[in-house]
Structure formats: C-alpha cells, structure tokens
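# Topology and contacts: notes
Given next are the chains, with one letter for each unit.
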Amino acid sequence: MTMRAIVVRSYGGPEALELVECPVPEPGPGEVRVRVEAAGVNPVDAVTRSGALAQPGPMMSRPVTRFR
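Everything numeric in this text was worked out from a predicted model, so none of it was measured.

Chain-level statistics for the chain give a pLDDT mean of 81 and a share of 79% at 70 or above. Considering each helix and strand of the chain separately, the mean pLDDT is smallest for strand S3 (residues 62-67), with a value of 53, and largest for strand S2 (residues 17-23), with 92.

Encoded structure:
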C-alpha cells in the first residue's frame, strides 16, 4: 500500500514542494494509523521552506503534508 506525500528537499518557493509516492508506515506497538482527510501547513513551514531560517548544511527531508 502506498500514499502520497509532499516532500521538501531544498529551499525555495512553492516549486520546492515535491509530490511523491511512498509506503504507508505500519503502526508499531501501542500506535494506531489514522486516515487524514484534510491537512494544512503552518506559516512557519513556508518560512522554513523559503530558507529564511536556514542553518548551514543540507536541508533535512521530511514530509510536510501526507495524503492517502
């Protein structure tokens, strides 16, 4: 089973957002998986993506928004 995720691998504008297919993570002991119907982005996420809060070194890749 796969899901779609928005990934940010570099600083920039909206063009830095990349839609990828990735495996749906399996919940571990004591965890549950929930279906996300809608998600949002916090303003600090846009500021971080723009590079305004950039630290020296490569940007960490992490999902911003996940869709099933």
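We are not done yet, so read on.
Right, let's get into the pattern of salt bridges. For the coordinates displayed, the defined rule picks out two salt bridges. Residue Glu 18 pairs with Arg 9 through a salt bridge whose shortest N-O separation is 2.7 Å. A salt bridge links Arg 33 to Glu 26; its shortest N-O distance comes to 3.5 Å.

On to the pairing of strand S1 (residues 2-8). The element S1 is extensively covered by neighbouring structure, given that five of its seven residues are classed as buried. Relative to S2, S1 runs antiparallel, the two being bridged by seven bridges. The residue bridging Ile 6 from the neighbouring strand is Leu 19, located in S2.

The biggest cluster of nonpolar side chains holds six residues, and these are Met 3, Ala 5, Val 7, Val 20, Cys 22 and Val 24. Only S1 and S2 provide two or more residues apiece to this core. Here the element with the most residues in this core is S1; it accounts for three residues. Those residues in contact with Val 24 that sit more than four places away from it in its chain are Met 1, Thr 2, Met 3 and Arg 33.

Calculation criteria
- Residues numbered from 1 in each chain as written.
- Predicted model: local features only at pLDDT ≥ 70, side-chain atom pairs only at ≥ 80, totals over all residues.
- Heavy atoms only, no water.
- pLDDT = per-residue confidence, 0-100.
- Helix = DSSP H or I, 4+ residues; strand = E, 2+ residues; numbered from the N terminus.
- Salt bridge = Lys/Arg side-chain N within 4 Å of Asp/Glu carboxyl O.
- Buried < 20%, exposed > 50% of the residue type's maximum accessible area, 1.4 Å probe, protein only.
- Pairing = 2+ DSSP bridges.
- Core = buried A, V, L, I, M, F, W, Y, C linked by side-chain atoms within 4.5 Å.
- Contact = heavy atoms within 4.5 Å.

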